[in-house]
Amino acid sequence: QRGAGGGPGYAVLNLTGRYQASAGWMLTAGINNLLDRRYASGGQLGAYALSATGGYTNAGEVGTSFMAPGAPRSYALTARYTF
């Protein structure tokens, strides 16, 4: 979390492969986030008026970033038939 509204950079590895099984049939398989990295994909800079102990502070609002977690590893397998 960074109060200035930024977040750390990240990189993920996605793999996709295709196979023409026969006339009209295409098989596709893929893995997203192969290394299962933990990352934040987006966020919002907002006002935060709580102290470090969780109580309300009247000392002015402090900017903070609310980061959304990135997607974990996922798999996909599709079969497509074209007429």
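Quick summary incoming for the structure in this document. Since the structure is predicted, the reported quantities are computational estimates derived from the model, not experimental observations.

1. Observations concerning the overall build of the chain
Check the secondary structure of the chain and you find 0 helices and 5 strands. Counting from the amino terminus, the chain carries its helices and strands in the arrangement β-β-β-β-β. Counted over contacts in the chain with a minimum sequence separation of 6, partners at least 24 positions apart contribute 55%. Of the roughly 6600 Å² that the chain leaves accessible, carbon and sulfur atoms contribute 55%.

2. Remarks on a nonpolar patch on the surface
A cluster of nonpolar side chains, namely Leu13, Leu15 and Leu35, defines an oily patch on the protein surface of about 270 Å² accessible area. Relative to the elements of secondary structure, leucine 15 occurs in strand E1 (residues 15-22).

3. Comments concerning the sheet that holds strand E2 (residues 25-32)
What the 3 strands build is an open sheet, ordered E1-E2-E5; its pairing is antiparallel. At either end of the open sheet lies a strand with only one pairing partner, and these are E1 and strand E5 (74-81). When strand polarity is set aside, the average angle formed by the axes of neighbouring strands in this sheet is 15°. As defined by bridge partners, E2 adjoins E5 across 8 bridges and the pair is classed as antiparallel. Among the inter-strand pairings, asparagine 32 is bridged to a residue of E5, identified as serine 74.

4. A short note on the environment of leucine 15
For leucine 15, a relative accessible area of 41% corresponds to the partly exposed category. Look past the residues within four positions of leucine 15 in its chain and what remains in contact with it is Ala29, Gly30, Ile31 and Leu34.

5. Some thoughts on unusual backbone geometry
A negative phi holds for most residues other than glycine; trans holds for most peptide bonds. The backbone phi angle of asparagine 33 is positive, close to 55°, even though this residue is not glycine. Along the chain, the position of asparagine 33 falls in the loop between E2 and strand E3 (40-48). When its relative accessible area of 2% is taken as the criterion, asparagine 33 is described as buried. In this structure, aspartate 36 is a non-glycine residue whose phi angle is positive, near 55°.

6. Focus: the pairing of E2
With 7 bridges joining them, E1 and E2 adopt antiparallel strand pairing. Each bridged residue has a counterpart across the sheet, and for glutamine 20 the counterpart in E2 is methionine 26. Hairpin connection from E1 to E2: 2 residues lie between these consecutive antiparallel strands, with glycine 24 at a positive phi of about 95°.

7. Topic: the environment of asparagine 33
Distance from asparagine 33 to arginine 73, taken between C-alpha atoms, is 4.7 Å for residues 40 residues apart in sequence. Other than its neighbours up to four places away in sequence, asparagine 33 contacts Val12, Leu13, Asn14, Tyr39, Ala71, Pro72 and Arg73. Of note is the side chain of asparagine 33, whose polar atom sits 3.0 Å from the backbone oxygen of alanine 71.

Thresholds, definitions, all that
- Residues numbered from 1 in each chain as written.
- Predicted model: local features only at pLDDT ≥ 70, side-chain atom pairs only at ≥ 80, totals over all residues.
- Heavy atoms only, no water.
- Helix = DSSP H or I, 4+ residues; strand = E, 2+ residues; numbered from the N terminus.
- Contact = heavy atoms within 4.5 Å.
- Areas by Shrake-Rupley, 256 points an atom, 1.4 Å probe, with all protein chains shown as cover.
- Patch = residues over 30% accessible without salt bridge, like charges linked within 9 Å, V, L, I, M, F, W, Y side chains within 5 Å.
- Salt bridge = Lys/Arg side-chain N within 4 Å of Asp/Glu carboxyl O.
- Pairing = 2+ DSSP bridges.
- Axes fitted to C-alpha atoms, helices over the stretch in contact; angles between N-to-C directions.
- Buried < 20%, exposed > 50% of the residue type's maximum accessible area, 1.4 Å probe, protein only.
- Polar contact = N/O pair within 3.5 Å; in protein donor to acceptor, adjacent residues only side chain to side chain.

All we've got here are geometric facts, nothing functional implied.
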